[in-house]
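# What the coordinates show
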Amino acid sequence: MPLGALLRLPLALARAALATLRGRLGALCWSLSPLSLSLPLPGWKRVSESRRQEREWDEPSPTPTSVNYHFTRQCNYKCGFCFHTAKTSFVLPLEEAKRGLEMLKEAGMEKINFSGGEPFLQDRGEFVGQLVKFCKQDLKLPSVSIVSNGSLIRERWFKKYGEYLDILAISCDSFDENVNVLIGRGQGKKNHVENLHKLRQWCREYAVAFKINSVINRFNVEEDMNEQIKALNPVRWKVFQCLLIDGENTGEDALREADKFVISDEDFEQFLDRHKDVSCLVPESNQKMRDSYLILDEYMRFLNCRNGRKEPSKSILDVGVEAAIKFSGFDENMFLKRGGKYVWSKADMKLDW
């Protein structure tokens, strides 16, 4: 063998041994990782990223004071800006969902909000009804709420479950039925606005606090809703700025194309200014929304939206609440700053039913 080759042999063997060691260390990092994240292999590159993740893991876990549980992605409406679209029909078995909710209560949850998709689709409201009853009667949560488009709710549901529900939020983006149809919030001959008034009356009769959620977008940004909102008199009128989430309502793998619905920050501020005299108005810009909500998906995984996508943690059913919530991207300070904690138990609202 040439002398040069002999001299290079120890160096080649050392490099091979180092590569093998790095591979084994990488596998060890993966097996020890509490969550299925793409951890970087040990080496000289991406060291800062590794240290950042270590710092996140060392930081104390936020308290899941208020949790939004999107237990289904299925919906009977096709709202063009929806950012939790129907990519799967999966819904946890009832007892597993209850187990997860009990874990959240033990971790400090005070308020649960059930959403979707459309929560009244699953067994036509029985699934969410059982969860509402469990959270109020067994877990004794101060606040139990639902966000729904309202199209599938019947009075018999209020008779059976109304006493256990603190707040019912109905999504309504316009008081012009033609605009609702353009947005995708329409279903045959049913009138969304007429149904909204019917639900408002049932909430009065069955002592459920009534709330309205509106997404401000290109089709309704010029609308004046002052008179209609004041007449309905909800406890809160949540006004959201249309938000883009990659992979949900924008991007190559999205099921919705919400780009045409997007409005500027200036447009949103003008809408808010036009409705500044509505006392129950609660505005939420994109900046406030993105990191200030604890979102739990249908697998009970926290969804991190900090990078413009929904990046899931492992399920709390597998790793526990404390481990999963560390990767939720939840900004507890922003949650408090936007008024996320308020008088949310109907027992404390002192409403004239």
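Structure's up top.
Scoring rules and cut-offs
- Residues numbered from 1 in each chain as written.
- Predicted model: local features only at pLDDT ≥ 70, side-chain atom pairs only at ≥ 80, totals over all residues.
- Heavy atoms only, no water.
- Helix = DSSP H or I, 4+ residues; strand = E, 2+ residues; numbered from the N terminus.
- Buried < 20%, exposed > 50% of the residue type's maximum accessible area, 1.4 Å probe, protein only.
- Contact = heavy atoms within 4.5 Å.
- Areas by Shrake-Rupley, 256 points an atom, 1.4 Å probe, with all protein chains shown as cover.
- Pairing = 2+ DSSP bridges.
- Right-handed = clockwise from strand over helix to strand, strands pointing away.
- Expected span 1.5 Å × (residues − 1).
- Arc of directions from axis to C-beta.
- Salt bridge = Lys/Arg side-chain N within 4 Å of Asp/Glu carboxyl O.
- Core = buried A, V, L, I, M, F, W, Y, C linked by side-chain atoms within 4.5 Å.
- Phe/Tyr/Trp six-rings, centres within 6.5 Å; stacked < 30°, edge-to-face > 60°.
- Lys NZ or Arg CZ within 6 Å of the ring centre and 35° of its normal.
- Patch = residues over 30% accessible without salt bridge, like charges linked within 9 Å, V, L, I, M, F, W, Y side chains within 5 Å.
- Lys, Arg positive; Asp, Glu negative; His and termini not counted.
- Charge placed at Lys NZ, Arg CZ, Asp CG, Glu CD.

The next point concerns the overall build of the protein. Looking only at helices and strands, the protein has 14 helices and ten strands in total. Residue burial in the protein is summarised as follows: out of 353 residues, 50% are buried. Of the contacts formed within the protein by residues at least 6 apart in sequence, a portion of 74% connects residues at least 24 apart. About 17800 Å² of surface is accessible on the protein, with carbon and sulfur atoms providing 50% of the total.

We now examine the pairing of strand 9 (residues 301-304). Of the strand pairs in this sheet, strand 9 and strand 10 (residues 311-315) are connected by three bridges, and their pairing is antiparallel. Note on strand 10: the bridge partner recorded for asparagine 304 is glutamate 311. Hairpin connection from strand 9 to strand 10: six residues lie between these consecutive antiparallel strands, with glycine 308 at a positive phi of about 85 degrees.

On to the pairing of strand 7 (residues 281-284). The two faces of a sheet get side chains in turn, since along a regular strand they alternate between them. Note: strand 6 (residues 236-241) against strand 7, four bridges, orientation parallel. Within strand 7, the position partnered with lysine 238 by the bridge is valine 282. Remark: the strand 6/helix 9 (residues 265-274)/strand 7 crossover connection has right-handed handedness.

So, on to helix 3 (residues 94-106). Between its terminal C-alpha atoms helix 3 stretches 19 Å, which fits the 18 Å expected from 13 residues at 1.5 Å a residue. Listed as buried for helix 3 are Ala97, Lys98, Gly100, Leu101, Met103 and Leu104. Glycine 108 sits one or two positions beyond helix 3 and adopts a positive phi of about 120 degrees.

Another point: unusual backbone geometry. Across the junction of glycine 116 and glycine 117, the peptide omega takes the value 15 degrees, indicating a cis bond. Counting through the fold element by element, glycine 117 comes out in the loop between strand 2 (111-115) and helix 4 (126-138). Its identity is not glycine, yet lysine 140 carries a phi of approximately 55 degrees, on the positive side. On the secondary structure map, lysine 140 appears in the loop between helix 4 and strand 3 (143-148). You can call lysine 140 exposed: its relative accessible area is 61%. Phi at methionine 300 takes a positive value of approximately 60 degrees, unusual for a residue other than glycine. Following the sequence through the fold, methionine 300 ends up in the loop between strand 8 (295-296) and strand 9. Methionine 300 gets classed as buried once you look at its relative accessible area, which sits at 0%.

What follows is about helix 9. For helix 9, every residue scored as buried is listed here: Asp267, Phe268, Phe271 and Leu272. Looking straight down helix 9, one finds that the buried residues subtend no more than 140 degrees of arc, so they occupy a single side. Residues of helix 9 that are exposed and point over 90 degrees away from its buried face: Asp265, Glu266 and Gln270. Turning to helix 9, the residues buried within the fold contact strand 5 (209-216), strand 6 and strand 7.

Pairing between side chains of opposite charge can happen when their charged atoms approach one another. Here the structure, examined in full by the defined rule, presents 13 salt bridges. With a closest N to O distance of 3.3 Å, glutamate 298 and arginine 73 form a salt bridge. With a gap of 225 residues between them, glutamate 298 in the loop between strand 8 and strand 9 and arginine 73 in the loop between strand 1 (66-70) and helix 3 connect regions that are remote in the sequence. Relative accessible area serves as the criterion here: at 2%, glutamate 298 is assigned to the buried category. One salt bridge connects lysine 136 with aspartate 166, and the closest N-O pair in it is separated by 2.8 Å.

What follows concerns the nonpolar core. Formed by 67 residues in total, the largest nonpolar core has its most connected members in Tyr69, Leu101, Ile112, Phe114 and Trp237. Of all hydrophobic cores here, the second largest spans 13 residues; its members include Tyr77, Ile183, Cys242 and Phe261.

Let us now look at the packing of aromatic side chains. Applying the stated criterion to the full structure yields 15 aromatic pairs. An angle of 45 degrees between the planes, with centres 5.4 Å apart, marks the rings of tryptophan 157 and tyrosine 161 as tilted. With tryptophan 157 and tyrosine 161 both in helix 5 (residues 155-161) and four residues apart, this pair spans about one turn of that helix. Accessibility assignment for this pair places tryptophan 157 and tyrosine 161 in one class, buried. Through a chain of ring-to-ring contacts, the aromatic side chains of Phe120, Trp157, Phe158, Tyr161, Trp202 and Tyr206 assemble into a single cluster. Over the aromatic face of tyrosine 342 sits the side chain of arginine 236, whose NZ or CZ is 3.6 Å from the ring centroid. Against the face of tyrosine 293 rests arginine 338, its NZ or CZ located 3.8 Å from the ring centre.

Attention now moves to a positive patch on the surface. Positive charge collects at one region of the surface, where Arg124, Arg154, Arg156, Lys190 and Lys198 lie side by side. With respect to the secondary-structure elements, arginine 124 resides in the loop between strand 2 and helix 4. On the accessibility criterion, arginine 124 (55% relative accessible area) is exposed.

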